Amino acid sequence: MNSKNNRLRTWTEQRTIQIPQLFFQFYKELNIEDDEALIVMHLLAFHVEGNDFPTPTDLMNRLTMPSNEITSRLQRLMQKGFLEITRDVDTNGKLYEKYSVYPLWERILQSIEMKAQKNSAALLRQEEGEVFRLFEEEMGRLLSPLELEKIGSWLDDDKHSPALIKEALKEAVFAGKLSIRYIDRILLEWKKKNITTPQAAHKQGEQFREKQSLNRPPARTIQQETQSTNKVPFYNWLEERE
């Protein structure tokens, strides 16, 4: 019984082969075949054992495929740009060759970045579509070709974010001046003031309205008071001056 426990302890205390989880997630997407993936894992195992350049015979002793097929798989991994043979110098100054899977990790990172970019682009298209929908909803009609072109120029040429354009639309609705020209003026003034986020734009409008409210002259009659409370000050962007 003690002999079994000792053997079990020996097995469990052996060094663990570290294989990035991303490898299992992406090797199919990179068109790496299962046999090629298995060879990569064995190369990593040999590396942990201190053998950075195992021969086809070394690999054949652990795999159920003939030596010529192993050689072919290694060549294919190199042709696909996932594996390379590099040279290094040992502690004795002796030049030696080794397998490197660094190109494979680079390709996996590239795939992750490309996928993130595609997701980001898809999200941006969705947000841009929402901008056009909100304009039509607020205006209660379909946008004209010129209006569509102008909104498109805010997004493509001026590089305003969909969120900032939505904030400008809210400002125009709040001011009761719902027009493309008025919103264009708002965005122009925000650009001059280096306002690029909806949070900063909202704060700018709030500060103006608060200032206007404090500076408003006191009402003199009940009628004037009633009329005054029904009016909310707004930022008249068309009359903005530097």
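Residues numbered from 1 in each chain as written. Predicted model: local features only at pLDDT ≥ 70, side-chain atom pairs only at ≥ 80, totals over all residues. Heavy atoms only, no water.

**Some remarks on the packing of aromatic side chains**
In total, this model carries five aromatic pairs according to the counting rule given. Look at Phe 23 and Tyr 27: their rings are 5.3 Å apart centre to centre, the planes differ by 25°, and that puts the pair in the stacked class. Across the pair, exposure class does not vary: Phe 23 and Tyr 27 are buried alike. When the centroid spacing of 4.8 Å and the interplanar angle of 35° are considered together, the rings of Phe 53 and Tyr 99 count as tilted. (Phe/Tyr/Trp six-rings, centres within 6.5 Å; stacked < 30°, edge-to-face > 60°. Buried < 20%, exposed > 50% of the residue type's maximum accessible area, 1.4 Å probe, protein only.)

**A closer look at the pattern of salt bridges**
Note on pairing: side chains with opposite charge can pair once their charged atoms come close. All told, the structure shown has 17 salt bridges when counted by the stated rule. Glu 36 is the partner of Arg 76 in a salt bridge, and the nearest nitrogen-oxygen pair spans 3.4 Å. Here Glu 36 lies in helix α3 (residues 34–48) and Arg 76 lies in helix α5 (residues 67–79), a separation of 40 residues in the sequence. Residue Glu 36 is classed as buried on the basis of its relative accessible area, which comes to 0%. A salt bridge links Arg 185 to Glu 189; the shortest N-O distance between them is 2.8 Å. Placement of both Arg 185 and Glu 189 in helix α9 (residues 180–192) is noted, with a separation of four residues, approximately one turn of the helix. Ionic contacts of the salt-bridge type, sharing partners, join the residues Glu 33, Asp 35, Glu 36, Glu 69, Arg 73, Arg 76 and Lys 80 into one network. (Salt bridge = Lys/Arg side-chain N within 4 Å of Asp/Glu carboxyl O. Helix = DSSP H or I, 4+ residues; strand = E, 2+ residues; numbered from the N terminus.)

**Describing the pairing of strand β2 (residues 95–100)**
For strand β1 (residues 84–89) and β2, the ladder comprises six bridges, and the chain directions are antiparallel. When the bridges of β2 are listed, Thr 86 appears paired with Lys 98. Linking two consecutive strands that pair antiparallel, namely β1 and β2, is a turn of five residues; a positive phi of about 80° is found at Gly 93 within it. (Pairing = 2+ DSSP bridges.)

**Focus: α5**
With 13 residues, α5 extends 18 Å from end C-alpha to end C-alpha; this agrees with the ideal 18 Å at 1.5 Å per step. Looking at α5, one finds that the buried residues are Ile 70, Arg 73, Leu 74 and Leu 77. Axial view of α5: buried residues confined to an arc of 100°, hence all on one face. Across α5 from its buried face, at more than 90 degrees, point the exposed residues Asn 68 and Gln 79. One or two positions beyond α5, positive phi appears at Gly 81, with a value near 85°. (Expected span 1.5 Å × (residues − 1). Arc of directions from axis to C-beta.)

**Comments concerning unusual backbone geometry**
One non-glycine residue, Asn 31, lies in positive phi territory at about 65°. Following the sequence through the fold, Asn 31 ends up in the loop between α2 (21–26) and α3. Of note in the backbone geometry, Asn 194 takes a positive phi value of approximately 60° without being a glycine. Here Asn 194 shows up in the loop between α9 and α10 (198–215). Under the relative-accessibility criterion, Asn 194 is labelled exposed at 63%.

**Comments concerning the side chain of Glu 167**
As for its position among the elements, Glu 167 is in helix α8 (residues 162–175). Although Glu 167 is buried, it forms no salt bridge, and the closest oppositely charged side chain is Lys 170 at an N-O distance of 4.1 Å. Among the polar contacts listed, one links the side chain of Glu 167 to the side chain of His 202, at a separation of 3.5 Å. Residue contacts for Glu 167: discarding those within four places in its chain leaves Trp 190, Pro 198, Ala 201 and His 202. (Lys, Arg positive; Asp, Glu negative; His and termini not counted. Polar contact = N/O pair within 3.5 Å; in protein donor to acceptor, adjacent residues only side chain to side chain. Contact = heavy atoms within 4.5 Å.)

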